[in-house]
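Letter by letter, the chains look like this.
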Amino acid sequence: KQGEWIDFKDDGTYSYGKYDNVNGSGTFHHSFEKLRLLMVDNDPVKMPLHYETKFGSSMMILVGQRDYKTNGVQMKLQQVDKIPSNTK
């Protein structure tokens, strides 16, 4: 969806939000060998999310796995230099 983003950091943490708002954060673990991504939100109410990962030159496709019976979501993420802003 327009303006939504995920920022994966080198230290194994991530944050996410929409435009200038940070809506949450957590930790992630990615296996390049198995092409799997596990995201664990810092909000204990939210279930972990597990994805199969596919990569292009400047994009990543996440295919939701149903390991936790909650995640059937698929998304294509475009790499950008900065978090999108809704200010003009």
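Check the entry above for the structure.
An account of the accompanying structure is given in this report. (Residues numbered from 1 in each chain as written. Predicted model: local features only at pLDDT ≥ 70, side-chain atom pairs only at ≥ 80, totals over all residues. Heavy atoms only, no water.)

**Quick word on the pairing of strand E2 (residues 13-18)**
Pairing of strand E1 (residues 4-8) with E2, which is carried by five bridges, proceeds in the antiparallel orientation. The residue of E2 that forms the bridge with isoleucine 6 is tyrosine 16. Hairpin connection from E1 to E2: four residues lie between these consecutive antiparallel strands, with glycine 12 at a positive phi of about 85°. Across six bridges, E2 lies against strand E3 (residues 21-31) in antiparallel orientation. Bridge assignment links threonine 13 to a residue of E3, and that residue is threonine 27. Where E2 folds back on E3, the antiparallel hairpin that results is connected by two residues, among which tyrosine 19 adopts a positive phi of roughly 50°. (Pairing = 2+ DSSP bridges. Helix = DSSP H or I, 4+ residues; strand = E, 2+ residues; numbered from the N terminus.)

**Here we look at the environment of aspartate 10**
Along the polypeptide, aspartate 10 turns up in the loop between E1 and E2. Residue aspartate 10 is classed as exposed on the basis of its relative accessible area of 86%. Sequence spacing of aspartate 10 and methionine 75 is 65 residues, and the spatial spacing of their C-alpha atoms is 21 Å. (Buried < 20%, exposed > 50% of the residue type's maximum accessible area, 1.4 Å probe, protein only.)

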